[in-house]
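# Secondary and tertiary structure notes
Each chain, letter by letter, is given below.
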Amino acid sequence: MEANIDAPEFRKILTLDGGGIRGVFPAAFLAKLEEHLDEPIGRYFDLIVGTSTGAIIAAGLSLGLTAGEILRFYEEKGPAIFDQHRGPIANWITRQARSARHWMGTKYSNTSLREALDEVIGGRLIGESQTRLVIPAWHPILERVYLYKTAHHPRFETDYLQPAVDAAMASAAAPTFLDPYLTKEEIELVDGGVWANNPIGVAAVEAVGVLQWPGNGLKILSIGTTNDVKAPSRIGGKLGAAPNLARLFMAGQSHSALGAAKIITGDVHDRKAIWRIDQTVPLDRYTLDDVSRIAEMKNRAVVEAREQLPDLRRHFFGEVAPAFEPFHRLPAVKAAA
């Protein structure tokens, strides 16, 4: 029989996929669960890992925001971030500018996203996180993984001093959608979804390889941003494959990460360790930047949370996680600010 699910040896992890405005789905799912909890939902996890839009949610939760506050961020700021909040003439001008930007390589400026995040995260640093945090990004010049992390290991001596908004902006800088992000230290970074759009594999490796938590003592709540499935084209060769390449790569990466996490945690044979929350939706129903379906995505998430709450409460929300004690702390003046 399985041991007490609330026993101290079990570590609880939350992972959040990328997906642009489709981040409404995980934000609304968590917000609905949170309505039935005694504390902000982030406090129930020992480690939070998020990529792209998931990085925004992860950063907010780790800094003590409620899931409800993060959901309001998407609902209220989403149209401005994707330039869909003004009158018809202004929107026509924006579309022309966007078309010109597209030919230059990106669809949107990252200015609106930065302004919106400054309002909710402000100047807070990663070192102010109340939970262990990992946010994947990508260094396009070096073609190398770039991971933002809290000081949950003695050798993580730098990131805790960096602005949390830098980590969120860098991880959310989706190629072709948003400009690469230049951090406070003038490092150019792009979306962590380039290599870890589903960051569950990153989370499992961090937990076992860095934090030295036993794999059979992990419970992971992994939340997607909906997925749509397209049947293979009947047109052969490169012509038929080209339109589906991005979708194909993302699906392959996600399945690979999920498979690795299952092996690391023992979910394959011995026990249930991973709760994957996602929904399959009609093809192209929800794009990365279409804010017109925010209410519909929220609707889906609320129903999903209602169904999942009893089981998830047993495994994740019996009690809050022990307080996070980082190895390196911010100066007392900053920490008290």
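On a predicted model such as this, the values are computed, not experimentally measured, just so you know. (Residues numbered from 1 in each chain as written. Predicted model: local features only at pLDDT ≥ 70, side-chain atom pairs only at ≥ 80, totals over all residues. Heavy atoms only, no water.)

On to the overall build of the chain, then. When helices and strands are tallied, the chain shows 12 helices and 10 strands. Across the 337 residues that make up the chain, the buried fraction comes to 51%. Here the analysis covers contacts within the chain between residues at least 6 apart in sequence; of these, 77% occur between residues at least 24 apart. (Helix = DSSP H or I, 4+ residues; strand = E, 2+ residues; numbered from the N terminus. Buried < 20%, exposed > 50% of the residue type's maximum accessible area, 1.4 Å probe, protein only. Contact = heavy atoms within 4.5 Å.)

Before going further, it helps to examine the UniProt feature "short sequence motif: GXGXXG" (unreviewed entry) in the chain. Mapped onto the present numbering, the UniProt feature "short sequence motif: GXGXXG" (unreviewed entry) falls at residues 18-23. From the first C-alpha to the last, residues 18-23 spans 7 Å; its make-up is 0% helix and 0% strand. (UniProt positions renumbered as here; feature names shortened; annotations may be inferred.)

Looking at the chain as a whole, the pLDDT averages 87, with 84% of positions reaching at least 70. Confidence drops under pLDDT 50 across residues 1-8; counting only partners more than four residues distant or on other chains, this segment forms 13 contacts. (pLDDT = per-residue confidence, 0-100.)

Under the local residue numbering, the UniProt record ascribes the feature "active site" (unreviewed entry) to S52 and D191. Across 140 residues of sequence, these annotated residues stay compact in space, with a maximum C-alpha separation of 5.9 Å. Relative to the assigned elements, S52 resides in the loop between β2 (47-50) and α2 (53-62). Accessibility expressed as a relative area gives 5% for S52, which makes it buried. Setting aside residues no more than four positions away along its own chain, S52 makes contact with G18, G19, S171, A172 and D191. As for its position among the elements, D191 is in strand β6 (residues 188-191).

At E75, helix α3 (residues 67-81) shows its maximal kink, close to 35°; a proline, P79, follows between one and four residues later. Buried residues along α3 sit in contact with α1 (24-34), α2, α5 (111-120) and α11 (294-316). (Bend = angle between axes of the 7 residues up to and from the residue.)

All right, on to the pairing of strand β3 (residues 132-139) then. Among the 8 residues that make up β3, 8 are buried, leaving the element largely enclosed by the rest of the structure. Burial of the side chains of β3 extends over both faces: R132, V134, P136 and W138 are buried on one face and L133, I135, A137 and H139 on the other. When β2 meets β3, the two strands line up parallel, connected through 3 bridges. Bridging across to β3, V49 finds its partner in V134. Bridge count for β3 against strand β4 (residues 144-149) is 6 bridges, and the pairing is antiparallel. Considered in β4, the bridge of A137 is made with Y146. A loop of 4 residues connects β3 with β4, the two strands running antiparallel in sequence, and E143 in this loop sits at a positive phi of about 50°. The sheet contact formed by β3 and β6 spans 2 bridges and is antiparallel. Bridge pairing in β6 links W138 to V190. (Pairing = 2+ DSSP bridges.)

Time to look at the pattern of salt bridges. If you walk through the whole model with that rule in mind, you get 14 salt bridges. Between R329 and E325 there is a salt bridge; the shortest N-O distance is 2.3 Å. We classify R329 as exposed; its relative accessible area is 54%. (Salt bridge = Lys/Arg side-chain N within 4 Å of Asp/Glu carboxyl O.)

It is worth spelling out the packing of aromatic side chains at this point. With the rule as written, the count across this model stands at 7 aromatic pairs. With a centroid separation of 5.5 Å and 80° between ring planes, the pair formed by F73 and Y74 is classed as edge-to-face. Like Y74, F73 is buried. Taking 5.3 Å as the distance between ring centres and 85° as the angle between the ring planes, the aromatic pair formed by W275 and F316 counts as edge-to-face. On the criterion of sequence distance, the pair formed by W275 in strand β9 (residues 274-277) and F316 in helix α11 is long-range, its members being 41 residues apart. Across the pair, exposure class does not vary: W275 and F316 are buried alike. Among the aromatic residues, those joined into a cluster by ring pairs are Y44, F45, W275, F316 and F317. In this structure, K219 packs its charged tip against the face of F10, placed 4.8 Å from the ring centre. A cation over an aromatic ring shows up here: K272 above the ring of W275, its NZ or CZ 4.9 Å from the ring centre. (Phe/Tyr/Trp six-rings, centres within 6.5 Å; stacked < 30°, edge-to-face > 60°. Lys NZ or Arg CZ within 6 Å of the ring centre and 35° of its normal.)

Our next topic: the environment of H255. Within the secondary structure, H255 is located in helix α10 (residues 245-265). Exposure remark for H255: the relative accessible area of 61% places this residue in the exposed category. As for H255 and N198, which are separated by 57 residues in sequence, their C-alpha atoms are 8.6 Å apart.

For helix α8 (residues 200-210), the buried fraction is high: 8 of the 11 residues fall into the buried class. Taken residue by residue, α8 has I200, G201, V202, A203, A204, E206, A207 and V210 as its buried positions. Just downstream of α8 lies Q212, where phi reads positive at about 65°.

The next subject is unusual backbone geometry. Its identity is not glycine, yet Q212 carries a phi of approximately 65°, on the positive side. Looking at where Q212 falls in the secondary structure, it is placed in the loop between α8 and β7 (218-223). Of note in this structure, D284 is not a glycine but carries a positive phi near 60°. Looking at the element boundaries, D284 is found in the loop between β10 (280-281) and α11.

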